[in-house]
Amino acid sequence: MNASGAQKHTRRRHGPRDPNEAMTDLDSLERDLLAQVSAAPDEGALDAVRVAALGKKGSVSELLKTLGAMTPDERKERGPLINGLRDRVATALTARKTGLAEAALETRLASERIDVTLPGREAPEARGRMHPISQVIDEVTAIFADMGFAVAEGPDIETDELNFTALNFPPGHPAREMHDTFFLAPDANGKRKVLRTHTSPVQIRTMRSQQPPIRVIIPGRTYRHDSDQTHTPMFHQVEGLVIDTAANIASLKWVLEEFCKAFFEVDQVKMRFRPSFFPFTEPSAEVDILCSRKGGEIRFGEGTDWLEILGCGMVHPNVLRNCGLDPDVVQGFAFGVGLDRIAMLKYGMPDLRPFFEADVRWLDHYGFRPLDVPSLVGGLTG
Ligand code: PHE
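Reference entry: report on the structure contained in this document.

Remarks on the state of the cysteines
Under the criterion given, the structure shown has zero disulfides. Left unpaired, Cys291 is separated from the closest cysteine sulfur, that of Cys260, by 12 Å. Judged by its relative accessible area of 0%, Cys291 falls in the buried class. Left unpaired, Cys312 is separated from the closest cysteine sulfur, that of Cys260, by 10 Å.

In structure tokens:
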């Protein structure tokens, strides 16, 4: 084939006239592509370079397409040049791709570096603490469960009827004033509910819903308008109620004594029953326990100080009647213990207010490990 024919043919398609010029074009394309390859900042950009060069419509692919229309001589000369270009660009792409992947891995490893010599972080159950009130409720429940008591509960917002009237506080009775009651706004009938001032209304709820024999304790929140070092507007009580045909003051004293020994974890407690007044018990008493406060530490069962810890008495016949029970057939006793107070005594906490301040430092100091559940067998306080 003569040269002019080939040139004519080539010019019609793509090819430059001068083979040297063609070489230069290939050289500059190659330089340009290789520069783009090495400048590609990431794998996405690199892929764009690959598509622009080797993709279906890429610059190198277009060049390869021209081979088909060439004369055998031209093809012989241009073929290896274009294929060589294609191979070098492909090799450079692969090398750059590997390099970028390695660099990306390096960056990731550097950013996710962990120091395996650092101490492990504590698990939540190792960090968290039970509030002393929750702990004391669990302890009290374990002790009374062992004596055959079930747990009963009632609402914090209570009717005036259950908080007072059914408990033998007649309307206008001065004992109502002593409770510093929080009243809610009156309802459509003019009746005002109250935040219960004690757990005793649950005595009524229990006696109206269960038949004797009854043996329950009632732990819960109670409310009175009062605040100082040993009083907070919300506090906790645990109520006890026993109703059957024989429960008497001797059994009341035994139950309270067993409870105090178990709770304070001492072999002996000395208790003093002082006559007192509650409208819903007759006779009524307040109970003090003997302790010593030598050296700022409270010890029970010894010393000369008396600490008041609870109120109690025989359930008043009017209260039994208010619950549809016949006082000539059944009788019983009740007691109410200030949970916050016995918690302070047992665990040496001087001020009640931090109980409800949600200060993590206080909880770290006075709180209990959550998995040390109190039981008489396993030990109350671990
Ligand atoms: N509810 C009484 C109080 O809050 C305590 C108490 C309970 C007294 C049961 C006697 C019997 O003061």
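We are not done yet, so read on.
Some points on the nonpolar core
Considering soluble globular proteins, one finds that nonpolar side chains tend to be buried as a cluster. Grouped together as the largest cluster of nonpolar side chains are 44 residues, with contacts concentrated most on Val140, Phe144, Phe259, Phe335 and Ile342. Listing elements by their share of this core, those giving two or more residues are helix 7 (132-146), strand 5 (234-244), helix 11 (249-264), strand 7 (281-292), strand 9 (305-315), strand 10 (331-338) and helix 13 (339-347). Here this core takes seven residues from helix 11, the largest share from any one element. Phe259 has contacts with Val140, Ile143, Phe144, Met147 and Ile342, leaving out every residue within four places of it along the chain. Formed by 23 residues, the second largest nonpolar core is a distinct cluster that contains Leu167, Val216, Phe280 and Ala334.

Let's talk about the pattern of salt bridges
A full pass over the atoms with the stated rule returns 18 salt bridges. Asp156 is the partner of Arg221 in a salt bridge, and the nearest nitrogen-oxygen pair spans 3.3 Å. Placement of the pair is Arg221 in strand 4 (residues 214-223) and Asp156 in the loop between strand 1 (150-151) and strand 2 (157-158), with a sequence separation of 65 residues. Arg272 is paired through a salt bridge with Asp288; the nearest N and O atoms lie 2.9 Å apart. Of the two residues, Arg272 sits in strand 6 (residues 271-278) while Asp288 sits in strand 7, which places them 16 residues apart along the sequence. A residue is classified by how much of its surface remains accessible, and Asp288, at 3% relative accessible area, is buried. One connected set of salt bridges, linked through shared partners, spans Arg272, Arg274, Glu286, Asp288 and Glu308.

Topic: the site of the ligand
Surrounding the ligand, one finds 14 residues, the nearest of these being His198, Ser200, Arg224, Gln237 and Gly336. Here a nitrogen atom of the ligand sits 3.0 Å away from a polar atom, N or O, in the side chain of His198. Here Arg224 contributes a side-chain N or O atom positioned 2.9 Å from an oxygen atom of the ligand. Burial of the ligand by the protein amounts to 91% of the accessible area it has alone, namely 330 Å². For the shell around the ligand, the elements supplying multiple residues, two or more each, are strand 5, strand 9 and strand 10. Ranked by the residues each element gives to the shell around the ligand, the list is headed by strand 10, at three residues. Among the residues making up the shell around the ligand, the classes are represented as five nonpolar, seven polar and two charged.

Structural notes on the packing of aromatic side chains
Each pair of aromatic rings is reported with the distance of its centres and the angle of its planes. Following the criterion strictly, the structure yields 13 aromatic pairs and no others. Measuring from ring centre to ring centre gives 5.6 Å for Phe259 and Phe263, while their planes differ by 25°; the resulting arrangement is stacked. On the criterion of helical spacing, the pair formed by Phe259 and Phe263 is a turn pair, its members being four residues apart in helix 11. Phe259 gets classed as buried once you look at its relative accessible area, which sits at 1%. The exposure class of Phe263 is buried, given its relative accessible area of 0%. With 5.9 Å between their ring centres and 50° between their planes, Phe355 and Phe356 make a pair best called tilted. Linked through ring pairs, Phe144, Phe149, Phe259, Phe263, Phe264, Phe300 and Phe335 together constitute an aromatic cluster. Lying across the ring of Phe183, Arg192 places its NZ or CZ 4.4 Å from the centre.

Details of the packing of helix 7 against helix 13
Look at helix 7 against helix 13: their axes get within 10 Å of each other, and the N-to-C directions meet at 95°. Comparing the axis directions of helix 7 and helix 13 gives the class roughly perpendicular. Here helix 7 contributes Ile133, Gln135, Val136, Ile137, Glu139 and Val140 to the contact with helix 13, which in turn contributes Leu339, Asp340, Ile342, Ala343, Lys346 and Tyr347. Its residues placed into classes, the contact of helix 7 with helix 13 shows eight nonpolar, one polar and three charged.

With respect to unusual backbone geometry
Look at the link from Pro212 to Pro213: it is a cis peptide, with omega at 5°. Tracing the chain through its elements places Pro213 in the loop between helix 10 (201-209) and strand 4. Residues Glu282 and Pro283 are joined by a peptide bond in cis, for which omega reads -5°. Looking at the secondary structure, you find Pro283 in strand 7. A positive phi angle, close to 45°, is found at Asp180, a residue other than glycine. Looking at the element boundaries, Asp180 is found in the loop between helix 9 (174-177) and strand 3 (194-195). Exposure remark for Asp180: the relative accessible area of 33% places this residue in the partly exposed category. One non-glycine residue with positive phi stands out, namely Glu265, at about 55°. Tracing the sequence through the fold places Glu265 in the loop between helix 11 and strand 6. Take Glu265: its relative accessible area is 43%, and that puts it in the partly exposed class.

Thresholds applied
- The written sequence of each chain sets the order in which its residues are numbered from 1.
- In keeping with the predicted nature of the model, local features appear solely for residues at pLDDT of at least 70, side-chain atom pairs appear and are counted solely at 80 or more, and the whole-chain, interface and lining totals rest on all residues.
- Side-chain calculation: all heavy atoms of the structure are included, whereas hydrogens and water are not.
- In plain terms, two cysteine sulfur atoms within 2.5 Å form what is called a disulfide here.
- Exposed residues in this analysis have more than 50% of their type's maximum accessible area, buried residues have under 20%, and partly exposed residues fall in between, with area computed by a 1.4 Å probe over protein chains only.
- By nonpolar core is meant a set of buried Ala, Val, Leu, Ile, Met, Phe, Trp, Tyr and Cys residues that side-chain atoms within 4.5 Å join together.
- In DSSP terms, a helix is any run of H or I states spanning at least four residues, a strand is any run of E spanning at least two, and both are numbered starting from the N terminus.
- Working rule for contacts: check all heavy atoms of both residues, and any pair within 4.5 Å makes them a contact.
- Note on definitions: salt bridges are taken to be side-chain nitrogens of Lys or Arg within 4 Å of carboxyl oxygens of Asp or Glu.
- Any residue with at least one heavy atom within 4 Å of a molecule or strand is counted as near it.
- The definition of a polar contact used here is a pair of N or O atoms within 3.5 Å, where within protein one atom must be able to donate a hydrogen and the other to accept one, and adjacent residues in sequence count solely through side-chain atom pairs.
- Reported accessibility uses the Shrake-Rupley method at a 1.4 Å probe radius. Residues are deemed covered only where the shown protein chains occlude them.
- Lys, Arg, Asp and Glu make up the charged group, whereas Ala, Val, Leu, Ile, Met, Phe, Trp, Tyr, Cys and Pro make up the nonpolar group; the residues left over, Gly among them, are polar.
- Planes of paired rings set the category: under 30 degrees apart is stacked, over 60 is edge-to-face and the rest tilted, where pairs are Phe, Tyr or Trp rings (Trp by its six-membered ring) whose centres lie within 6.5 Å.
- Ring-over charges, as used throughout, are those where CZ of Arg or NZ of Lys falls within 6 Å of the ring centre and within 35 degrees of the ring normal.
- What counts as an axis is a line fitted to C-alpha atoms, over the stretch in contact for a helix, and the angles between N-to-C directions run from 0 to 180 degrees.
- Roughly parallel means an angle under 35 degrees; roughly antiparallel means over 145; roughly perpendicular covers 65 to 115; every other angle is labelled oblique.

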